[in-house]
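Architecture and fold: a report
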Amino acid sequence: PTGGGPEHQVVYKKRPFGILRYQPGAGMKGAMAMEIIPKSRYPGDPQGQAFSGGVKAGYVVKSINGADVLSAEFGKIMDLFDDEVADPRF
């Protein structure tokens, strides 16, 4: 993934964030949100945080807790997120 578009900051309060799938960039560097849970079920729903925060499929993860991760290894980014969602479709 490469940045370049306008920035969109989202602050997550707890896990899970509501992103079902990420995709790595070329060479397994960087991360892009690919599938977002499309609703918030109730006020404060952790799985609705990405949707409520305006995250869209294709958004590139630029930083986590202020640390730039645009060129970080995909696995490291996933470890930093520590965000595992039990996919409700399965």
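Refer to the preceding data block for the structure.
The structure contained in this document is the topic of the report that follows. Remember, it's a predicted structure, so these values are computed and weren't measured experimentally. (Residues numbered from 1 in each chain as written. Predicted model: local features only at pLDDT ≥ 70, side-chain atom pairs only at ≥ 80, totals over all residues. Heavy atoms only, no water.)

1. Quick look at the pattern of salt bridges
Once the charged atoms of two side chains with opposite charge are near each other, the side chains can pair. Note the following rule: Any Lys or Arg side-chain nitrogen located within 4 Å of an Asp or Glu carboxyl oxygen qualifies as a salt bridge. The way it works is that DSSP assigns letters per residue, a run of H or I at least four long becomes a helix, a run of E at least two long becomes a strand, and they are numbered from the N terminus. Three labels apply to residues, based on accessible area from a 1.4 Å probe with only protein chains included: buried if under 20% of the type maximum, exposed if over 50%, partly exposed otherwise in between.
Counted by the stated rule, this structure contains 4 salt bridges. Between Glu 35 and Arg 21 there is a salt bridge whose closest N-O contact spans 3.7 Å. In this pair, Glu 35 sits in strand E2 (residues 31-36) while Arg 21 sits in strand E1 (residues 19-24), placing the two residues 14 residues apart along the sequence. Judged by its relative accessible area of 23%, Glu 35 falls in the partly exposed class. Residue Arg 21 is classed as partly exposed on the basis of its relative accessible area of 40%.

2. Description of the layout of surface pockets
Formally: Space inside and on the surface of the protein is sampled on a 1 Å grid over the protein atoms alone, with a cavity defined as a set of points where a 1.4 Å probe fits but cannot get out and a pocket as an open set with protein on both sides within 12 Å along at least 5 of 7 lines; lining residues have an atom within 4 Å of a point. Grid points are joined across faces, edges and corners, and a volume is the space filled by probe spheres set on the points. Note that Gly is not counted as nonpolar here; it falls among the polar residues with everything else outside the nonpolar set of Ala, Val, Leu, Ile, Met, Phe, Trp, Tyr, Cys and Pro and the charged set of Asp, Glu, Lys and Arg.
Considered as a void within the structure, the largest pocket measures approximately 930 Å³ in volume. If you go around the largest pocket, you meet 30 residues; those closest to its centre are His 8, Val 10, Val 61, Lys 62 and Ser 63. Among the elements of the structure, E1, strand E3 (63-64) and helix H2 (74-81) are those that each provide at least two residues to the lining of the largest pocket. Considering only residue class, the lining of the largest pocket consists of 16 nonpolar, 9 polar and 5 charged.

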